Amino acid sequence: MIPRLPRRIARGWVRQAAPPLLVIAACATVGHVLEGAVAERERGLERTGVLEKLATVRARLEGALVGNLLLIQGLTGPLALEPDMDRVRFEALSRELLAQPNQLRNVAAARDLVITHMYPLEGNEAALGLDYRRVPTQREAALRARDTRGLVVAGPVDLVQGGRGLIGRAPVFLTPAGGAPGAGPFWGLVSAVIDLEALLAHAGVLDRESGLTVALRGVDGTGPAGDVFHGDPALFTSGAVTLDVALPGGSWQIAALPSAGWTVSPAAVWPVRGVTVLVAIVLAHLVWLGGRQRQERARARRYLDRSRRRMADAIESLGDGFALWDGERRLLLSNRRFGRMLAGPQGAPPPGTDHAQILRTALDTGCVVPEGDREHWLERFMRPDDTTGAPLELNLAGGRIAQLTRRPTSEGGTVEIYTDITQMRRAEAAIRRRANVDPLTGLSNRARFLEQLESTVRLARRSGRQAALLFVDLDRFKNVNDSLGHGTGDRLLEEAARRIVGCVRSTDTVARLGGDEFTVLLHDAGEGLGPAKVAEKITRRLSRRFDLDGHEVYAGASIGITVCPEDGDDPGTLLKNADMAMYRAKEAGRNTYRFFTPEMTVHAQRFVALEGDLRRAFSQGEQLALAYQPIVDLESGAVEGVEALLRWTHPQLGPVSPAEFIPVAEESGLIVQLGAWVLERACQEVMAAVPRGTVPPRLSINVSSRQLRAGFGAGQVCPVLERTGLPPSRLVVEITESTLLDDDARVRESLQELRALGVGLAVDDFGTGYSSLGYLRRLPVSEIKIDRSFVRDMETDAADARLVESILAMARALELTAVAEGVETAGQLDALTRLGCPLAQGFHLGRPQPIGELWPRVGAPARAVVKGVA
């Protein structure tokens, strides 16, 4: 049995100790909640920073991977057209492909899934003859690429040469004659090894200075279900930030943590912790003294008031809004930040105010903007048992956003923390915006534009209203990039974007698809010539002078227009139609526009068919031949030179006009190889026809600006002249006036090298373009060829006769040789002779013919020969 005195003493101690312990428990609860709120805010800010960095790394990784895969896919087109491509051509194409920025180690072509070509071959000889179907690790990916008709990425795998790599594969389907690209049977695969370490380094995954620890998983595109192939697997189970990385037919998952791990700065927590401990000690001490000494209650009250002020100061020092409620949802304590959020300039509501009253007042004054129905919103935020820790969000005045976190107290009350998360939400919005906006011009990017085009097409189907799509391609943009640098090119794109936006309504959409390509989407095109007026406005503004870094630049634009639903009612068809119309505008001379017509589709199909046939004709060499038109000295009547002209006899179509197949060669790039073939063959045939010891006639060949930009110059001409024996002074290179207008530094250098070699330089079709004395003086031109349109009308149009006379006078003043083209009548010939034109060519003087038939006339008077031709 417990003695009575010790029991009374124990009860007294319990009565004295209970109040201080309760005070300490309450302070600990409040301090814990405040500390958790501060830590949560710090972690949220740190997590947002990691998300922004990781999004940048992901974008670079996806961009680098897509760039490598597009290079691999770039070989499928030539193989589809040349299924029997030999090793030399495959290596040339692969070498050109690998010369571009990439992370490719090697490229292979597997006909019928058996490797037939490999580049580089050195070190990879053992791969030749490999049958993917007999290799278990290769078979599934190879068959999937064939069956899905799309790109497939496998790996990463350990490479025999060392390191790890991804294997990208692209299927090749043959292009039948006259058919659509890829509509033929399956030919095989193009595959390439992508160096994984180089790819990760290029994307910034290996950048230690980023402050991130990164891991990747999803071998063979299996995403979160795949194995970890880079970094620590523990990252995926330790609260790291994760994002999906898109792959063809699958995905990876990338995870990142700060290099030092998730941390909360002690400087953010210790003030709250210190104040809480201090307040708890002071309150406990005061309560203890009040229980023991009644006479000191007044002093204890003063200490208590001071402690409350310190607690209030601690709460006021928080960066978040704070409110403490009792079990009846009446306000016990709050700080000014809470008042500014929910009460505005009126200040914090006084203690004892009902929670529902505060919320209704906040809605009435506009301090809080409800989402949806007002009463439903109130019911949600006034729910008394909503203290599970799940955060709620409030839309505040001025577009700000607050996150509300609730925690219960031990006495049945509630602690609420209001954290301003506006900056975090803006950062997330900025990340989403970067995914839809072109960073250079601020316009919608390709992905966003396709979404808007799909929406506009759906609306046009439902409402029957007409929409129009304008495909805008800047003219001569590449020349600005090459001659003035990419910085000036970027500023040209920015200014062009502003001018295009200024030509349309605010309800229309302007986007940049990439490079120098823009699109304009007129959501309601109306009737008649609405799109045409917009196109005229755009071409007019883009043809004006651009002042860029002290340079005067002239660009212009070619525009293709297609109308929905008349020309098509799906985005893919509309884009294709607008693109074809744009190319027709370029063919029409640029800086103009063209509407899409069904005939363009037929033209495009014939273009593709002719390209394939021309490539086959060039590889076989039997259908192509050269004809030579004589160039006559009008004073002596002798044939002074010849112009080599390419002729193509198609096995089914017969003779194909150069006006039809030369643009195909230009557009496809085949003009470079054709030009080299013409140079070599013409020099050989002329020298073979000339008797030994006889001076050969001057040989003129046509060279396009694309050939010059591709490297046509002294380095290519010299070896041909040495092999064939043709003196440099007997070769004349003919260029168009548009080549002079481009004013490309590389073209200018190539022309100067040719003149230094002794080769003549002629401006073809002179007078129809933009030539000026400035170009003729700056470039090493030796002769000009007067366009046939002026010669044709000399007999009937006095203006043309005077123009020809002026051109001849200018040529004599600049010491240039003049050649009149298109002489078809005796009257034209007599008029040119009276004006003192030194040289001429045309059907009246001789039609193009083989060099063997023409040779007896070279050096002999021409008039006696051509009497029967007129």
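Residues numbered from 1 in each chain as written. Predicted model: local features only at pLDDT ≥ 70, side-chain atom pairs only at ≥ 80, totals over all residues. Heavy atoms only, no water.

Caption draft 1: A look at the environment of Thr 365. Within the fold, Thr 365 resides in helix H9 (residues 355-365). Between the C-alpha atoms of Thr 365 and Leu 342, which are 23 residues apart in sequence, the distance is 9.1 Å. (Helix = DSSP H or I, 4+ residues; strand = E, 2+ residues; numbered from the N terminus.)

Caption draft 2: Region of interest: the packing of helix H12 (residues 446-463) against helix H16 (residues 571-587). Where H12 meets H16, the closest approach of the two axes is 10 Å, and the angle between their N-to-C directions is 110°. By the angle between their axes, H12 is roughly perpendicular relative to H16. Between H12, through Phe 449, Leu 450, Leu 453, Glu 454 and Val 457, and H16, the contact on the second element is made entirely by Pro 571, Leu 574 and Leu 575. Here the contact of H12 with H16 is built from residues that sort into 7 nonpolar, no polar and 1 charged. (Axes fitted to C-alpha atoms, helices over the stretch in contact; angles between N-to-C directions. Parallel < 35°, antiparallel > 145°, perpendicular 65-115°, else oblique. Contact = heavy atoms within 4.5 Å. Nonpolar A, V, L, I, M, F, W, Y, C, P; charged D, E, K, R; others polar.)

Caption draft 3: Examining the pairing of strand S13 (residues 392-396) more closely. Burial along S13 is one-sided: the face carrying Leu 392, Leu 394 and Leu 396 is buried and the face carrying Glu 393 and Asn 395 is not. Bridge count between strand S12 (residues 368-369) and S13: 2 bridges; the pairing is antiparallel. Within S13, the residue paired with Val 369 across the bridge is Asn 395. (Buried < 20%, exposed > 50% of the residue type's maximum accessible area, 1.4 Å probe, protein only. Pairing = 2+ DSSP bridges.)

Caption draft 4: Expanded view of H9. Those residues of H9 that sit buried are His 355, Ala 356, Ile 358, Leu 359, Ala 362 and Leu 363. The buried residues of H9 occupy one face: seen down the axis, they fall within an arc of 165°. (Arc of directions from axis to C-beta.)

Caption draft 5: Geometry of the packing of helix H21 (residues 714-724) against helix H23 (residues 745-757). Running from amino to carboxyl end, H21 crosses H23 at an angle of 30°, the nearest separation of the two axes being 9 Å. Judged on the interaxial angle alone, H23 and H21 are roughly parallel. Along the contact surface, H21 presents Ala 714, Val 717, Cys 718 and Leu 721, while H23 presents Glu 753, Leu 754 and Leu 757. Class assignment for the residues of the contact of H21 with H23 results in 6 nonpolar, no polar and 1 charged.

Caption draft 6: Spatial organisation of unusual backbone geometry. Note the cis peptide between Gly 155 and Pro 156, where omega equals 10°. By secondary structure assignment, the location of Pro 156 is in strand S3 (residues 152-158). The linkage connecting Cys 564 with the following residue, Pro 565, adopts the cis geometry, with an omega of 10°. Along the chain, Pro 565 turns up in the loop between strand S21 (557-564) and H16. In the Ramachandran plot, Arg 149 falls in the positive-phi region, its phi being about 55° despite a non-glycine side chain. Positionally, Arg 149 belongs in the loop between helix H4 (136-148) and S3. Since its relative accessible area comes to 49%, Arg 149 is described here as partly exposed. With a phi angle near 55°, Asp 549 is a residue other than glycine that sits in the positive phi range. Topologically, Asp 549 is positioned in the loop between strand S19 (546-548) and strand S20 (551-553).

Caption draft 7: Highlighting the pairing of strand S9 (residues 250-258). The buried fraction of S9 is high, at 8 of 9 residues. Alignment of strand S6 (residues 212-217) against S9, held across 6 bridges, turns out to be antiparallel. Bridge pairing links Thr 213 to Leu 257 in S9. Looking at chain direction, strand S8 (residues 241-247) and S9 are connected through 7 bridges and run antiparallel.

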